[in-house]
Amino acid sequence: MSLKRALLARIVQTGPMTLADYMADCLTHPSLGYYTTRDPLGAKGDFTTAPEISQMFGELIGLALAQAWLDQGAPAPFTLAELGPGRGTLMADILRATRRVPGFHAGMRLHLVEASEPLREKQRAALAGLGLTHHADVATLPDAPLFLVANEFFDALPIRQFVRTAGGWRERLVGAEAGALVFGLGGPAQPEPLAHRGEVAEGRLVEICPALAPIMAEIAARIARHGGAALVIDYGDWRSLGDTLQAVRGHTPQDPLAQPGEADLTAHVDFEALVRAAPGLAASAMTPQGVFLERLGIVQRAQTLATRLTGPALAAHIAAHRRLTHGSEMGTLFKVIAVVQKGAPMLPGLEP
Ligand code: SAH
């Protein structure tokens, strides 16, 4: 049975479902989910990401994490973790760039949080021989110093949407009509995570990501106890406002309800929610990706790599640099934030 038919049957039986339940089934249903059944990345897939665009992204992030580790006294052993590592490209670039940092590779224990079996396989291949451990959930990460990166992970987590009406909040739900999935509004609701959003005007829509805070809390607890740093890169902004749910298939936007399980579904990340979920830690300013990469020296790195390139390879390299940093591409849409123990040095590129 297709996921669409299964969802329609379920809605007929038990009524409309929250967008979060819909997204969770679309993305990670055990046998029919989007991530469960494929590797969606790359030119032939549905979307591409910064580490797949250029090696410079992972190299600079690797050096920033290694510097944070040195600044904290090079604790060993320590956990080097990634959430949603895709094809393993970012981690492979991090590891190549940090090879010469004394003690970093000897002290690290590699832990990857990944829901997709096809992608776990790609990660094992990309990181062969490094003794990595896969997790389904952050809760099983070791209780140890934690240096963690998450690029385009939080945008893949299911969200709920609430509309401010004259009578208070009402949830946007997924229902069924004439054999199609359709959006509708549920009854009055008082979602606790929106208690601080009294400023939202009537008619506006706000998103919450229920899984975000528990994940951040697990990460923050380890950093608070043992030190470390968490670096989150994603599209989004401070304090969610408006409908940011999007479906993409073959690099083309789709109706999010049209092809459940066949299109990637994402929503912008609310960076305020990330910081609110780690109240015991110090957070950097939310910083545009382009600014972050430029502070870390992407211009110099790009020039060095360019000296070895000619023709189409050089043109592709220049285009990739622009794509990662330019304001009209990923440079400002994508934001970066880091959290560390209070009083610890902030990650390079994110200092106040
Ligand atoms: N970070 C990679 C891939 C981003 S795509 C890159 O930048 O290229 C999102 C990644 O998160 C994929 O690896 C996907 O399988 C994983 N993922 C999505 N939802 C997840 C979940 N609930 N738990 C664990 N991993 C998840």
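Coordinates for the structure precede this section.
What counts as what
Residues numbered from 1 in each chain as written. Predicted model: local features only at pLDDT ≥ 70, side-chain atom pairs only at ≥ 80, totals over all residues. Heavy atoms only, no water. Pairing = 2+ DSSP bridges. Helix = DSSP H or I, 4+ residues; strand = E, 2+ residues; numbered from the N terminus. Axes fitted to C-alpha atoms, helices over the stretch in contact; angles between N-to-C directions. Near = heavy atom within 4 Å. Polar contact = N/O pair within 3.5 Å; in protein donor to acceptor, adjacent residues only side chain to side chain. Areas by Shrake-Rupley, 256 points an atom, 1.4 Å probe, with all protein chains shown as cover. Nonpolar A, V, L, I, M, F, W, Y, C, P; charged D, E, K, R; others polar. Expected span 1.5 Å × (residues − 1). Buried < 20%, exposed > 50% of the residue type's maximum accessible area, 1.4 Å probe, protein only. Arc of directions from axis to C-beta. Core = buried A, V, L, I, M, F, W, Y, C linked by side-chain atoms within 4.5 Å. Contact = heavy atoms within 4.5 Å. Parallel < 35°, antiparallel > 145°, perpendicular 65-115°, else oblique. Left-handed = near helix turned anticlockwise from the far one by under 90°. Phe/Tyr/Trp six-rings, centres within 6.5 Å; stacked < 30°, edge-to-face > 60°.

Enquirer: Could you clarify how one ought to interpret the sheet that holds strand 12 (residues 252-254) in this entry?
Expert: Here we have three strands laid out as an open sheet, ordered 12-11-13, and antiparallel in their pairing. Sheet topology places strand 12 and strand 13 (264-266) at the edges, where each strand pairs with a single neighbour. When strand polarity is set aside, the average angle formed by the axes of neighbouring strands in this sheet is 40°. In terms of strand pairing, strand 11 (residues 246-249) meets strand 13 through three bridges, oriented antiparallel. Paired with Ala247 across the strands is Leu265, a residue of strand 13.

Enquirer: Hey, could you run me through the site of the ligand in this one?
Expert: Taken together, 18 residues surround the ligand, and among them Thr49, Gly84, Gly86, Glu114 and Asn151 come closest. Take Asn151: an N or O atom from its main chain is 2.7 Å from a nitrogen atom of the ligand. Contact with the protein chains removes 93% of the 570 Å² of surface that the ligand exposes when unbound. Classifying every residue of the shell around the ligand gives 10 nonpolar, five polar and three charged.

Enquirer: What should I look at first to understand helix 1 (residues 3-14) in this one?
Expert: The periodicity of an α-helix, 3.6 residues per turn, causes residues three or four places apart in sequence to face the same way. Under the 1.5 Å per step criterion, the end-to-end length of helix 1 is 16 Å for 12 residues, consistent within 8% with the ideal 16 Å. Restricting attention to buried positions, one finds in helix 1 the residues Leu3, Leu7, Leu8 and Ile11. Down the axis of helix 1, the buried set is contained in an arc of 135°. They therefore lie on one face. What points out from helix 1, more than 90 degrees from its buried face, is the exposed set Arg5, Val12 and Gln13.

Enquirer: Where do I start with the nonpolar core in this structure?
Expert: The tendency in soluble globular proteins is for nonpolar side chains to be buried side by side. If you look at the biggest cluster of nonpolar residues, it comprises 45 residues, and the most contacted ones within it are Ile61, Leu80, Leu231 and Leu347. Residue contacts for Leu231: discarding those within four places in its chain leaves Ile61, Leu148, Val149, Ala150, Phe292, Val336, Ile337, Ala338, Leu347 and Leu350. In this structure, Met216, Ala220, Ala230 and Leu274 belong to the second largest nonpolar core, which totals 27 residues.

Enquirer: Which parts of the structure should I look at to understand helix 4 (residues 55-71)?
Expert: Between the first and last C-alpha of helix 4 there are 24 Å, a value that for 17 residues agrees with the 24 Å anticipated at 1.5 Å per step. The buried count for helix 4 comes to 12 of 17 residues, which makes it a mostly enclosed element. Buried within helix 4 we find Met56, Phe57, Gly58, Glu59, Leu60, Ile61, Gly62, Ala64, Leu65, Ala66, Ala68 and Trp69. For helix 4, the N-terminal cap is Ser54; the gap from its side-chain oxygen to the backbone nitrogen of Met56 is 3.0 Å. Within two residues after helix 4, Gly73 carries a phi angle of roughly 90°, on the positive side.

Enquirer: So what exactly am I meant to see when it comes to the packing of helix 4 against helix 5 (residues 89-97) here?
Expert: In a packed pair of helices, the relevant descriptors are the angle between the two axes and the axis-to-axis distance. Where helix 4 meets helix 5, the closest approach of the two axes is 7 Å, and the angle between their N-to-C directions is 55°. Taken together, the axes of helix 4 and helix 5 are oblique relative to one another. As helix 4 packs across helix 5, the resulting crossing turns out to be right-handed. Residue-level contacts link Gln55, Phe57, Gly58, Glu59, Ile61, Gly62, Leu63 and Leu65 of helix 4 to Leu90, Asp93, Ile94, Arg96 and Ala97 of helix 5. In terms of residue class, the contact of helix 4 with helix 5 is made up of seven nonpolar, three polar and three charged.

Enquirer: Which parts of the structure should I look at to understand the packing of aromatic side chains?
Expert: The relative placement of two aromatic rings is captured by the distance of their centres and the angle of their planes. Scanning the entire structure with this criterion turns up seven aromatic pairs. Judged by centre distance (5.2 Å) and plane angle (80°), the ring pair of Tyr34 and Tyr35 falls under edge-to-face. Since its relative accessible area comes to 0%, Tyr34 is described here as buried. You can call Tyr35 buried: its relative accessible area is 13%. Between Tyr235 and Phe334, the aromatic rings sit 5.1 Å apart at their centres with planes inclined by 85°, giving edge-to-face as the arrangement. Linking Tyr235 in strand 10 (residues 228-237) with Phe334 in strand 17 (residues 334-341), this pair joins segments that are 99 residues apart in sequence. Residue Tyr235 shares its accessibility class with Phe334, and that shared class is buried.

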